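These are the residues of each chain, in order.
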Amino acid sequence: MLQAHIILPLSVAQTYTYAVPEHLAADIIAGKRVSVQFGAKRVYSGIVKKIFDADPPAEYTLKPILDVLDTQAVVTDTQLRFWQWIADYYLCTEGEVMVAALPTALRLSSETKFIANPTFNRDLSLLDDREYLIAEALMTHEEISIEEMRDILDLKNVLSIIKSLLDKGVILVKEELIERYKPKTVTVVTLADAYREETALAALFAELKRAPKQLELLMAYIHYSAITRQIWVEKRNLFEKIEGSESAYKGLVNKSIFEEDQQVVSRTKDEYGDATTSYDLSEEQQATLNSTKIQLADKSVVLMHGVTSSGKTQLYMKLMQETIDSGKQALYLLPEIALTTQMISRLRRVFGSDIGIYHSRFNEQERVEIWHKVMSGQYRAIVGARSALFLPFNNLGLVVIDEEHDSSYKQHDPAPRYHARDAAIYLAALHQAKTILGSATPSIESYFNAVKAKKYGLVTMTQRYGGVEAPEIEVVNLRKVQAEGGMKSHFSAALLQAIGNALAQNEQAIVFQNRRGYAPYISCDACTWVPQCVQCDVSLTYHKFANELRCHYCGYRRKLVSVCDSCGSTDLRIQGFGTEKIEDELQIYFPEAQIGRLDLEVANSKTGFERVIGEFEAGKIQILVGTQMITKGLDFGNVSVVGIVSADQLLNFPDFRAIERAFSLMMQVSGRAGRREKRGKVMIQSYTPHQKIMDFVLNNDYNSFFVNEMYDRMRYHYPPFSRIISLTIKHTDPDTANQAAFDLAKILKSVFKDHLLGPTVPLVSRVRNYYLRQLMIKLDKNTAQLSQYKRFLRDSIAQFLREDAYKSVAIQIDVDPY
């Protein structure tokens, strides 16, 4: 029997086997989508993973594949191998990888529809008025959807009516697959074949002299056709050119001079034209490029360690151009969707229409079109965030991972909880492609792999492009300034003076505060009560501009309180500060300045980030306040001052990577200052200015920072000297979560022994009404038994969750969690 393994978009531990009917055997290949039944009624679209001949199982009958949905594969063999690796390494399922990888519109959904029950006795007197309307509709329609029911009844919630109709046997559920992707079409106009010849067209002009509007339309058609070099013109373009021409247009159609049709067009904007810009490299850049090429001949991965504004991006583009010229594709990864906005404009000036952009903020129709353009080779280069890893490259030659140190490359929820940097290196290896890792502050692991383990090549750039000096960095001792009475709200006099000097010279400033909202919390002075989230064990953050309190974990919101819930006092005080408060107070000190803010609230839309960045680049915004979004690779030529309001908030965090992230953020945000002719100035405010890390930042001394950090990592057995797997046990009952954590620890202890730590209660112990408990497994970096350990862990958890007491427990596995 011909059979197929099918990957379903579900969190199920294995692929399922289906029989291939004879009439579909010629059409089915790996990578195509098929529709299959799963369970009693549900129908899903899955991806064919493997086709094989085998004897049918004796114990049960295989379900047949219902239909093949594609004329050609939508997923390549290399992608299927990549999915398998992600599932194995990060201990998730291939179905979860499929959901993350495929655009939503390529995952057919099982949409519920209803049909009349043919066995119903038609006694409509049993029904109330609303039920009667649905039953009556089904007499004239074969099926109706939930949306159609809502329209018929003019109700939003029809679930109770549906339940009643099902209980009375009036209707039955019908499951069918709905194809979500529909190509975008527009109405186009073409000139009839009879008028294509010059003589016929000249005669037509003469004929239409008596109908001036129709003649105008014909002239407009010829004009647009000449510009676009196409025989068809969009109908709306004609109407935009000539107002009040609808009746004239109908006349041309009725005379069979114009012909209407529907044309499939792209949703993505590809009108970039040819490449127009090339870059001349500095002496150091050229030497670095030559060294990179030499090392790529021997190594698959090269780490490019260059100070901020050293011109790494220009080298990436040179290497990408050479890759494209050789007939291969290139992938340029950035850590944030927001970063792609500024970068794509630079890349398009070099690569023209060869390059596309891809990230999760595109709508599902746009993502499908980009998917097909990558698979067909129409896009020879892609710039995108981590989701771009899953595109169907057919001939990948180079992967560039910019700002490779950035924590945004790590996917946290939902599964697969992969790290895009590590996954990209594996993807490149599958394609036998090369990988460039770039950063001014490389991650400890990457630098270790280059310097100590010698797994990666290493090139270094120590000079800023154009000979620009590194910014002057000054650490402001807030303890001393406060004692001298020199503080104005959260700002030292020195920081305000530096910003004022910049504005006086028509320059710009960036103010960094890595906490969004107006204030972390409010509290009652009478009884110390703090408003808490009803679903999470965290305080609510005050957002002044929305006049509400928000939970940054689950999204719960409530209006700003004016009376204490505990004692009734009205003496409530705002505690701490975030980006909104910084923006608000800077406006007091600089009332004439235009101040903008860039944080998650602003950037959490398709155009929010573009608007702020565009206004800042154009000089409409003089002071930009922001979180870590403003630290990542953005290039502003007129910024002369950068202020870090509170360096201590970066350092005082219970995470072994806190020092690394603080150093990286301070160095990266400092790099936004003085990127052109004039030297910039960076002001770092801190109550603890004598910490070692401040010396490393002041001297831009990454190597000393690396040596110091490596000592602590080795001493406490943290990466790169170990591998960490984190387990989070979740349940709505705290006692069940506790007991499950202890029982699971007992099982795992038999194999992992002292490598297992916990269980423990995390810092935030309840999220979305789930109580959390944690276990941590710390394995030796070079353990030869990693795959056996992972297999044991996966099997043990699966067996544990089959126990009656723990079937409702959720266990979240996170490999390399930090």
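Computed from a prediction, not measured in an experiment: that's the story for all the values here. (Residues numbered from 1 in each chain as written. Predicted model: local features only at pLDDT ≥ 70, side-chain atom pairs only at ≥ 80, totals over all residues. Heavy atoms only, no water.)

### What about the confidence of the model for the protein?
Now for step 1: Predicted confidence across the protein gives a mean pLDDT of 86, with 92% of residues reaching 70 or more.
Now for step 2: Averaged over each element, pLDDT in the protein is lowest for strand S8 (residues 171–178) (65) and highest for helix H14 (residues 420–430) (97).
Now for step 3: Residue range residues 267–276 is modelled with pLDDT below 50. Its contacts to residues more than four positions away, or to other chains, number 30 contacts. (pLDDT = per-residue confidence, 0-100. Helix = DSSP H or I, 4+ residues; strand = E, 2+ residues; numbered from the N terminus. Contact = heavy atoms within 4.5 Å.)

### Examining the packing of helix H10 (residues 283–296) against helix H11 (residues 312–325)
Now for step 1: With their axes 10 Å apart at the nearest point, H10 and H11 run at an angle of 45° to one another. Taken as axis vectors, H10 and H11 run oblique relative to one another. Seen along the crossing, H10 lies across H11 with a hand that is right-handed. Packed against H10, whose contacting residues are Gln 285, Thr 288, Leu 289, Thr 292 and Lys 293, the element H11 presents Gln 314, Leu 315, Lys 318, Leu 319 and Glu 322 at the interface.
Now for step 2: Of the residues contributing to the contact of H10 with H11, the split by class is three nonpolar, four polar and three charged. (Axes fitted to C-alpha atoms, helices over the stretch in contact; angles between N-to-C directions. Parallel < 35°, antiparallel > 145°, perpendicular 65-115°, else oblique. Left-handed = near helix turned anticlockwise from the far one by under 90°. Nonpolar A, V, L, I, M, F, W, Y, C, P; charged D, E, K, R; others polar.)

### A few points about helix H22 (residues 658–670)
The α-helix advances 3.6 residues per turn, and as a result positions three or four apart in sequence lie on the same side.
Now for step 1: For H22, with 13 residues, the first-to-last C-alpha span of 18 Å sits near the 18 Å given by 1.5 Å per residue.
Now for step 2: Burial analysis of H22 places 11 of its 13 residues in the buried class, the great majority of the element.
Now for step 3: Buried within H22 are the following residues: Ala 658, Glu 660, Ala 662, Phe 663, Ser 664, Leu 665, Met 666, Met 667, Gln 668, Val 669 and Ser 670. (Expected span 1.5 Å × (residues − 1). Buried < 20%, exposed > 50% of the residue type's maximum accessible area, 1.4 Å probe, protein only.)

### Thoughts on the pattern of salt bridges
Now for step 1: Under the definition given, this model contains 28 salt bridges.
Now for step 2: Salt bridges sharing common partners tie together Glu 445, Arg 657, Glu 660, Glu 709 and Arg 713. (Salt bridge = Lys/Arg side-chain N within 4 Å of Asp/Glu carboxyl O.)

### Thoughts on the packing of aromatic side chains
Now for step 1: The full count for this structure, using the stated rule, is 25 aromatic pairs.
Now for step 2: Residues Tyr 447 and Tyr 702 carry aromatic rings whose centres are separated by 4.9 Å and whose planes lie at 75° to one another, so their mutual orientation is edge-to-face. Taken as a pair, Tyr 447 in helix H15 (residues 444–451) and Tyr 702 in helix H24 (residues 702–715) lie far apart in primary sequence, 255 residues in all. As far as burial versus exposure is concerned, Tyr 447 and Tyr 702 are alike and both buried.
Now for step 3: An aromatic cluster is defined as three or more aromatic residues linked by ring pairs; in this entry it consists of Tyr 447, Phe 663, Phe 696, Tyr 702, Phe 705 and Phe 706.
Now for step 4: Stacked on the ring of Tyr 718, the Lys or Arg Lys 778 has its end atom at 3.9 Å from the ring centre.
Now for step 5: Over the ring of Tyr 89 we find Lys 790, and its NZ or CZ is 3.4 Å from the ring centre. (Phe/Tyr/Trp six-rings, centres within 6.5 Å; stacked < 30°, edge-to-face > 60°. Lys NZ or Arg CZ within 6 Å of the ring centre and 35° of its normal.)

### Side note on unusual backbone geometry
Outside of glycine, negative phi angles account for most residues, and trans bonds account for most peptide bonds.
Now for step 1: Cis peptide bonds are those with omega within 30 degrees of zero, and the linkage from Ala 415 to Pro 416 qualifies with 5°.
Now for step 2: On the secondary structure map, Pro 416 appears in the loop between strand S16 (396–401) and H14.
Now for step 3: Omega for the peptide link from Gly 758 to Pro 759 comes to 15°, which places this bond in the cis form.
Now for step 4: Examined against the element boundaries, Pro 759 turns out to sit in strand S33 (residues 756–760).
Now for step 5: Non-glycine residue Asp 816 carries a positive phi angle of around 50°.
Now for step 6: With respect to the helices and strands, Asp 816 occurs in the segment after strand S36 (810–815).

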